[in-house]
Amino acid sequence: MSVAWEDLCDWGVPWGAIRKTPTRFFDDARVTTALTELAATDFGELDPSMRECLLAWLRAFQHHWSDRFERTLGIRGLLAIGLLDDGQSDPNRYLKLRRIATENLATRI
């Protein structure tokens, strides 16, 4: 797994086992760097389930913390959502992932 992916998981992407709440807070610059690094390959290094988790996290971030999303990711975040949304997600799985992402973000932001 790439460092960029692991960093994003530390900031709440719902991947793998339940994680402890981190002691460090959301770092806007590092989040932007990590997303930019993964986007450099159009998220090609991520398998479909990872892409779905990242999409749910980005949309939760955008919906619940829209000002922070805009300041942190801006157009990069919007482009990432566009690249990740292939319309193939199971609606129930996506909804569960988004709820987890929202809960995770709420403890980190």
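Reading guide: rules and limits
Residues numbered from 1 in each chain as written. Predicted model: local features only at pLDDT ≥ 70, side-chain atom pairs only at ≥ 80, totals over all residues. Heavy atoms only, no water. Core = buried A, V, L, I, M, F, W, Y, C linked by side-chain atoms within 4.5 Å. Buried < 20%, exposed > 50% of the residue type's maximum accessible area, 1.4 Å probe, protein only. Helix = DSSP H or I, 4+ residues; strand = E, 2+ residues; numbered from the N terminus. Contact = heavy atoms within 4.5 Å. Axes fitted to C-alpha atoms, helices over the stretch in contact; angles between N-to-C directions. Parallel < 35°, antiparallel > 145°, perpendicular 65-115°, else oblique. Left-handed = near helix turned anticlockwise from the far one by under 90°. Arc of directions from axis to C-beta. Nonpolar A, V, L, I, M, F, W, Y, C, P; charged D, E, K, R; others polar. Salt bridge = Lys/Arg side-chain N within 4 Å of Asp/Glu carboxyl O.

## Here's the deal with the nonpolar core
Consideration 1: Grouped together as the largest cluster of nonpolar side chains are 31 residues, with contacts concentrated most on Trp5, Leu54, Trp57 and Leu58.
Consideration 2: Residue assignment for this core shows that the elements contributing at least two residues are helix H1 (3–10), helix H2 (28–39), helix H3 (48–64), helix H5 (74–84) and helix H6 (91–108).
Consideration 3: Among the elements that make up this core, the one with the highest residue count is H3 (9 residues).
Consideration 4: When neighbours within four sequence positions are excluded, Leu54 is seen to be in contact with Trp5, Leu8, Val13, Leu35, Leu38, Phe43, Leu46 and Leu84.

## Let's talk about the packing of H1 against H2
Consideration 1: Viewed as axis vectors pointing N to C, H1 and H2 meet at an angle of 135°, and their least axial separation amounts to 9 Å. With respect to their mutual orientation, H1 and H2 come out oblique. Both H1 and H2 take part in a crossing whose hand is left-handed. Here H1 contributes Ala4, Trp5, Asp7 and Leu8 to the contact with H2, which in turn contributes Arg30, Val31, Ala34, Leu35, Glu37 and Leu38.

## A word on H5
Consideration 1: Along H5, the residues classified as buried are Gly74, Gly77, Ala80, Ile81 and Leu84. Viewed along the axis of H5, the buried residues span an arc of 130°, placing them on a single side of the element. H5 presents Ile75 and Leu79 as exposed residues on the side facing more than 90 degrees away from its buried surface.
Consideration 2: Looking at the buried side of H5, the elements it contacts are H2, H3 and helix H4 (66–72).

## Quick notes on the packing of H3 against H6
Consideration 1: Interhelical geometry of H3 versus H6 gives an angle of 55° and a closest axis separation of 8 Å. Considered as vectors, H3 and H6 are oriented oblique to each other. When you trace H3 past H6, the crossing you get is right-handed. Of H6, the residues touching H3 (which contributes Ser49, Glu52, Cys53, Leu55, Ala56, Trp57, Arg59, Ala60, Phe61, His63 and His64) are Arg93, Tyr94, Leu97, Arg98, Ala101, Thr102 and Leu105.
Consideration 2: Each residue belonging to the contact of H3 with H6 can be placed in one class, and the counts come to 10 nonpolar, 4 polar and 4 charged.

## Considering the pattern of salt bridges
Consideration 1: Inspection of every chain in the model, using the stated rule, returns 4 salt bridges.
Consideration 2: Across the pair Arg30 and Asp7 runs a salt bridge whose closest N-O atoms are separated by 3.4 Å. Placement of Arg30 in helix H2 and of Asp7 in helix H1 is noted, with a sequence separation of 23 residues between them.
Consideration 3: The shortest N-O distance in the salt bridge between Arg59 and Asp85 comes to 2.5 Å. With a gap of 26 residues between them, Arg59 in helix H3 and Asp85 in the loop between H5 and H6 connect regions that are remote in the sequence.

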